[in-house]
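Letter by letter, the chains look like this.
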Amino acid sequence: MNNSKSEKIVMLNIKEKYELSKAIVKNLRILKAPLPVILFLFNYLQKFKISHVGENYIIHSHLPPVNSGAYARFINEHLLSKSFGPSHAQIGITDKCGQNCDYCYNKKRSGIPMDTEVILKTVHELKELGVFWLGLTGGEPLLNQDIVRIIENASADCAVKLFTTGCSLTRELAEDMKNAGLCSVSVSLDHWIPEEHDAVRNYPGAYSQALKAIEIFKSVGGIHIGVSAVISKSMLNSGEVEKFISFLEGLGLHEAWLSETKPSIEPFWESSEQVTEAEKNMLSALQDRNNRKPGMTVNYLGHFESAQNFGCNAGHKMVSIDPFGEVSPCVFIPMSFGNVKDKSIKDIWSDMRKRFPSEKTCFINKNYGLLKKYYQGKLPIGPGDSAGIMSEVTFGPRSRFIEMNYGRNL
């Protein structure tokens, strides 16, 4: 990693706390938020280090840079105006992928992929709804020849994050994506041993491609660089997560973005495959422990969506569109509530969010058993059966932030 003044990761010392505070209050409208909400956000952000990448101050890749127009939209549209629209979205821009990961949430899906014009229209409507953070997924999104055009159309006042295996990346493409406004990238890497990573992805050479992609992004500069790592039960049970984190630290990354395997496909619809609350707490503690040290930020999804923080906002503040246009509450939930090729994302969202009041517990981790009941050999489960699933779902209490900021009004 380039350790120049323009790209560094630092502890939150007095100077950096001042810089963070200045960036947050640059949009003075935040002072109109209730004091408990302001204190909550400040306390949450202090659990992370600041990555200074180019002109951006980045806490972690699930949030826009705190000195950006996208962050100002978070304040104005969601914190103050309390928008009913989504804040985060992921869109699959191709179904093509050379790898075949054991846990891939896109298995058993088929259809006619969205063309570029449908993707651009959907992105535009998502931003109109309130989306200020957009994840580009696939398949392998680099295999979409219009990816630079898509980033360019999405990046105005919206933090665009790329999820990639690194397959087919060139320095020229990386440069073009940066110039188009790409904010951050997560390269998939699940193990420090090449053979282990390749085996999970059923693709010889996946490991070397991932490391090559990381080096290309580092050489280009100006992009927040992370690894997206799916932590398996076996890695948790063997106590090897710390060793893996140390390995990732040595790659000179800004961030390690961690998630556990999710019960999004049939092989993981068994209780023995689920990560326990104790294991989630262990990963959250690992995050906090590592973030008190200099170097790479650790960002665990389960911490972000915990009851003490933002909770699960699938279908409430999060929406996902797969490569075929099927709209789901979250990329990990294989349930469709409509297709953007047939109906506006605005209309689909309006209907879907009525069914998802938000909750402090991950929806798919809690309700995967219902997928088994309605599954007919193809994913995502269609709108009719998805409505049937929702008729059996009981939502519990909401997260601390949702209750604090929205109360019962959302």
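Located above this text is the structure these notes cover.
Residues numbered from 1 in each chain as written. Predicted model: local features only at pLDDT ≥ 70, side-chain atom pairs only at ≥ 80, totals over all residues. Heavy atoms only, no water.

### Considerations on the overall build of the protein
Within the protein, the secondary structure is distributed over 16 helices and twelve strands. In terms of overall size, the protein behaves like a compact globule, its C-alpha atoms giving a radius of gyration of 20 Å where 410 residues would be expected to give roughly 22 Å. Overall, the C-alpha framework of the protein stretches about 55 × 50 × 45 Å when taken along its three principal axes. For the protein, with 410 residues in total, the buried portion stands at 60%. Taking contacts inside the protein between residues at least 6 apart in sequence as the whole, the part at least 24 apart equals 76%. By element, 52% of the accessible surface of the protein is carried by carbon and sulfur atoms, the whole surface being about 16200 Å². (Helix = DSSP H or I, 4+ residues; strand = E, 2+ residues; numbered from the N terminus. Rg over C-alpha atoms; globule rule 2.2 N^0.38 Å. Buried < 20%, exposed > 50% of the residue type's maximum accessible area, 1.4 Å probe, protein only. Contact = heavy atoms within 4.5 Å. Areas by Shrake-Rupley, 256 points an atom, 1.4 Å probe, with all protein chains shown as cover.)

### Some details on the pairing of strand β7 (residues 184–188)
Counting buried positions along β7 gives five out of five residues, so the element sits mostly inside the fold. Where burial is concerned, the two faces of β7 agree: the one with Ser-184, Ser-186 and Ser-188 and the one with Val-185 and Val-187 are both buried. Pairing of strand β6 (residues 159–164) with β7, which is carried by four bridges, proceeds in the parallel orientation. Residue Lys-161 lies in a different strand from β7, and its bridge partner there is Ser-184. As for the winding sense of the linkage, the β-α-β connection from β6 through helix α6 (residues 171–180) to β7 is right-handed. Pairing geometry for β7 and strand β8 (residues 224–231), over five bridges, is parallel. (Pairing = 2+ DSSP bridges. Right-handed = clockwise from strand over helix to strand, strands pointing away.)

### As for the packing of aromatic side chains
Applying the stated criterion to the full structure yields 18 aromatic pairs. A centroid spacing of 5.1 Å and a plane angle of 85 degrees characterise the contact between Trp-269 and Tyr-375, whose relative ring orientation is edge-to-face. Of this pair, Trp-269 sits in the loop between β9 (255–260) and α11 (277–291) while Tyr-375 sits in the loop between α14 (363–374) and α15 (383–390), and the two are 106 residues apart along the sequence. An identical accessibility class is assigned to Trp-269 and Tyr-375; each is buried. Cluster of aromatic residues (ring-pair linked, three or more members): Phe-40, Tyr-44, Phe-48, Phe-304, Phe-310 and Phe-401. It is Lys-82 that lies over the ring of Tyr-406; its NZ or CZ is 5.8 Å from the centre. (Phe/Tyr/Trp six-rings, centres within 6.5 Å; stacked < 30°, edge-to-face > 60°. Lys NZ or Arg CZ within 6 Å of the ring centre and 35° of its normal.)

### Comments concerning helix α8 (residues 206–220)
It helps to recall that an α-helix has 3.6 residues per turn; residues three or four apart then point in one direction. Across its 15 residues, α8 extends 21 Å between first and last C-alpha, which sits within 8% of the 21 Å expected from 1.5 Å per residue. For α8, the full list of buried residues reads Ala-206, Tyr-207, Ala-210, Ala-213, Ile-214, Ile-216, Phe-217, Lys-218 and Val-220. Each element contacted by the buried residues of α8 is listed here: β6, α6, β7, α7 (194–201), β8 and α10 (241–249). (Expected span 1.5 Å × (residues − 1).)

### With respect to the pattern of salt bridges
One pass over the full model with this rule turns up 20 salt bridges. Between Arg-149 and Glu-117 there is a salt bridge, and its shortest N-O distance comes to 2.9 Å. Of the two residues, Arg-149 sits in helix α5 (residues 147–154) while Glu-117 sits in helix α4 (residues 116–129), which places them 32 residues apart along the sequence. The residue Lys-262 makes a salt bridge to Glu-305 at a minimum N-O spacing of 3.3 Å. Remark: Glu-305 occurs in the loop between α12 (301–304) and β11 (318–321) and Lys-262 occurs in the loop between β9 and α11; sequence separation between them is 43 residues. The pair Lys-262 / Glu-305 is uniform in exposure class, with both members buried. Several salt bridges converge on common partners, so that one network encompasses Arg-171, Glu-175 and Lys-178. (Salt bridge = Lys/Arg side-chain N within 4 Å of Asp/Glu carboxyl O.)

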